[in-house]
Amino acid sequence: HEVVAEDAIEARLAHILDETMLSGPTAMTNTKDSFLGANGLKLDARQMSQLGHESRTQRASAEGREGLAAFREKRRPSWYQPPTNG
């Protein structure tokens with residue numbers, strides 16, 4: 001964690017991303033896997049299957065179809081309500 005002046009944020013981010021990209025892909029994969037496992041954040045096969053099912057169900061719903069159509073058509077979805085002033 002660090003504090004960076006607002007006008008230096010983009011440069012600092014670019015530096016961090018550049019340094020990250022120097023890491024070996026296998027080492028990064030293993031580190032992520034280890035971190036997720038140590039923190040109880042890995043999903044088992046049943047959980048992955050359930051997540052996939054829920055995702056497919058949502059995309060097939062009327063709301064999911066509208067959301068995808070709005071994204072493809074580069075427009076706001078029908079449920080969007082602009083904030084009101086006042």
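Quick caveat: nothing in here was measured; it's all calculated off a predicted structure.

K.L.:
Any chance you could explain a nonpolar patch on the surface here in plain terms?
P.N.:
Judged by side-chain polarity, Phe35, Leu36 and Leu41 come together as a nonpolar surface patch covering roughly 290 Å² of accessible area. Within the element layout of this structure, leucine 36 appears in helix H2 (residues 25-38).

K.L.:
I tried to follow the packing of aromatic side chains on my own but got confused; where do I start?
P.N.:
Two aromatic rings, taken as a pair, are described by how far apart their centres are and by the angle between their planes. On inspection of all chains with the given rule, the structure shows zero aromatic pairs. Across the ring face of tyrosine 80, the terminal group of arginine 76 is positioned such that the distance to the ring centre comes to 4.4 Å.

K.L.:
Which parts of the structure should I look at to understand the packing of helix H3 (residues 45-60) against helix H4 (residues 62-72)?
P.N.:
Two numbers describe a pair of packed helices, the interaxial angle and the distance between the axes. Look at H3 against H4: their axes get within 4 Å of each other, and the N-to-C directions meet at 75°. With respect to their mutual orientation, H3 and H4 come out roughly perpendicular. From H3, Gln58, Arg59 and Ala60 reach across to H4, where they touch Ala62, Gly64, Arg65 and Leu68. Here the residues of the contact of H3 with H4 are counted per class, giving three nonpolar, two polar and two charged.

Parameters and conventions
- Residues numbered from 1 in each chain as written.
- Predicted model: local features only at pLDDT ≥ 70, side-chain atom pairs only at ≥ 80, totals over all residues.
- Heavy atoms only, no water.
- Patch = residues over 30% accessible without salt bridge, like charges linked within 9 Å, V, L, I, M, F, W, Y side chains within 5 Å.
- Areas by Shrake-Rupley, 256 points an atom, 1.4 Å probe, with all protein chains shown as cover.
- Salt bridge = Lys/Arg side-chain N within 4 Å of Asp/Glu carboxyl O.
- Helix = DSSP H or I, 4+ residues; strand = E, 2+ residues; numbered from the N terminus.
- Phe/Tyr/Trp six-rings, centres within 6.5 Å; stacked < 30°, edge-to-face > 60°.
- Lys NZ or Arg CZ within 6 Å of the ring centre and 35° of its normal.
- Axes fitted to C-alpha atoms, helices over the stretch in contact; angles between N-to-C directions.
- Parallel < 35°, antiparallel > 145°, perpendicular 65-115°, else oblique.
- Contact = heavy atoms within 4.5 Å.
- Nonpolar A, V, L, I, M, F, W, Y, C, P; charged D, E, K, R; others polar.

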